[in-house]
Amino acid sequence: MTGAPPGGGGSTSNVDSAPIPPFMRSSTFDGRKIYLKVQRPGENPQPLPNNPSWFASIIEGKLGKPLRKEIEMSIDSRGLSYTLSTYNIQLAEELKRIKQLDTNTIIEIIDHPNLNKRLGMVYQPETMDVPEEELLKQLANQGVLAVRKITKFVEKKQVNTPLIVLTFGSTRLPKEVFFGWMKVSVRTYYESPMICRNCLEYRHTKKRCSQPTRCTRCSQNHSNMENTCKEKFRCPHCPEEENEHSAAGRKCPLYRHEEAVIRCKTDESISWAEARRRIGSPNAKPTYASVTDADSARKDKPHQ
């Protein structure tokens, strides 16, 4: 039996990585992109020199070979770390052994704590009553690091759905996983945009919000916890003539922009800062890539 997730609690995509044929695998390549983080050691590290050409020349000098075709690099928005990516397993291990750039710059190069993972969703109604901890034990030998069930509220009670989000310890998402002898299809899982249910701004949650409360319907400064507001929908992010929609819905251009950023980050396994740089500002004239990403995101997402 093969399960195919219809999508929920986010969105999914069928665009998954094809398996690498055995004859193409070697000690230096298995098809996975490996992400490394370069930073100064310590709890409160100082920024690295904001000079990627200097950094690259130092590393090439230490390893004794040109690496332009082997490594991609980006710098985080605060300059505290660099992100390196490569498909070469042996090169990744060589890089992790480098501890110093010059006499004044001590570094550490480690496996990136966030980018060497992928989220996948499966549809598995047979395990709705099996605890997440038990499922993780059963799936750990297939590279699964975490299990999270999608839930919903029925008559004010939280209940499980057949949808399960799996975190894999690889940048390549498998096409299927096995629950016992049952082969179940895996699809890429995209998180929903993070929007505060208190102030209706993006990129933080209600628990971390210190702003005045806004109504989730009309955006005025009052609560709508009991859904008692009867005013028209009004989005605080859009112009007056185009704002008769929810701030947390797909009719909002800013919401769709956040979806495109999430999709870019997930598909390319890059940082938030890099994904936002590639997609661009929500107020800027959209690029061809950002438009096609947003269109694809809307087509793949289920209707709410």
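Residues numbered from 1 in each chain as written. Predicted model: local features only at pLDDT ≥ 70, side-chain atom pairs only at ≥ 80, totals over all residues. Heavy atoms only, no water.

A.B. asks: So what about the packing of helix H4 (residues 253–268) against helix H5 (residues 272–279)? Which residues, and what values?
C.D. replies: Across the interface, H4 lies against H5 with an axial gap of 9 Å and an inter-helix angle of 120°. Here H5 runs oblique to H4, going by the angle between their axes. Read as a crossing pair, H4 and H5 show a hand that is right-handed. Packed against H4, whose contacting residues are His257, Glu258, Ala260, Val261, Ile262, Cys264, Lys265 and Glu268, the element H5 presents Trp272, Ala275, Arg276, Arg278 and Ile279 at the interface. Its residues assigned to classes, the contact of H4 with H5 shows seven nonpolar, one polar and five charged. (Axes fitted to C-alpha atoms, helices over the stretch in contact; angles between N-to-C directions. Helix = DSSP H or I, 4+ residues; strand = E, 2+ residues; numbered from the N terminus. Parallel < 35°, antiparallel > 145°, perpendicular 65-115°, else oblique. Left-handed = near helix turned anticlockwise from the far one by under 90°. Contact = heavy atoms within 4.5 Å. Nonpolar A, V, L, I, M, F, W, Y, C, P; charged D, E, K, R; others polar.)

A.B. asks: Hey, could you go over a negative patch on the surface for me, with residue numbers and the actual values?
C.D. replies: Taken together, the side chains of Glu240, Glu241, Glu242 and Glu244 make up a negatively charged region of the molecular surface. Mapped onto the elements, Glu241 comes out in the loop between strand S13 (187–190) and H4. Residue class for Glu241 comes out exposed when judged on its relative accessible area of 65%. (Patch = residues over 30% accessible without salt bridge, like charges linked within 9 Å, V, L, I, M, F, W, Y side chains within 5 Å. Areas by Shrake-Rupley, 256 points an atom, 1.4 Å probe, with all protein chains shown as cover. Salt bridge = Lys/Arg side-chain N within 4 Å of Asp/Glu carboxyl O. Lys, Arg positive; Asp, Glu negative; His and termini not counted. Charge placed at Lys NZ, Arg CZ, Asp CG, Glu CD. Buried < 20%, exposed > 50% of the residue type's maximum accessible area, 1.4 Å probe, protein only.)

A.B. asks: Let's hear about the nonpolar core: which residues, and what values?
C.D. replies: Formed by 17 residues in total, the largest nonpolar core has its most connected members in Val38 and Leu95. Core analysis: the second largest hydrophobic core is formed by 13 residues, Ile164, Leu166, Val184 and Val186 among them. (Core = buried A, V, L, I, M, F, W, Y, C linked by side-chain atoms within 4.5 Å.)

A.B. asks: So what about the state of the cysteines? Which residues, and what values?
C.D. replies: On inspection of all chains with the given rule, the structure shows zero disulfides. Looking at Cys199, it has no disulfide partner, and the nearest cysteine sulfur is the one in Cys209, 3.7 Å off. The exposure class assigned to Cys199 is buried, which follows from its relative accessible area of 3%. The thiol of Cys235 is not disulfide-bonded; the next cysteine sulfur, from Cys252, is found 3.7 Å away. Note on Cys235: relative accessible area 1%, which makes it buried. (Disulfide = S-S within 2.5 Å.)

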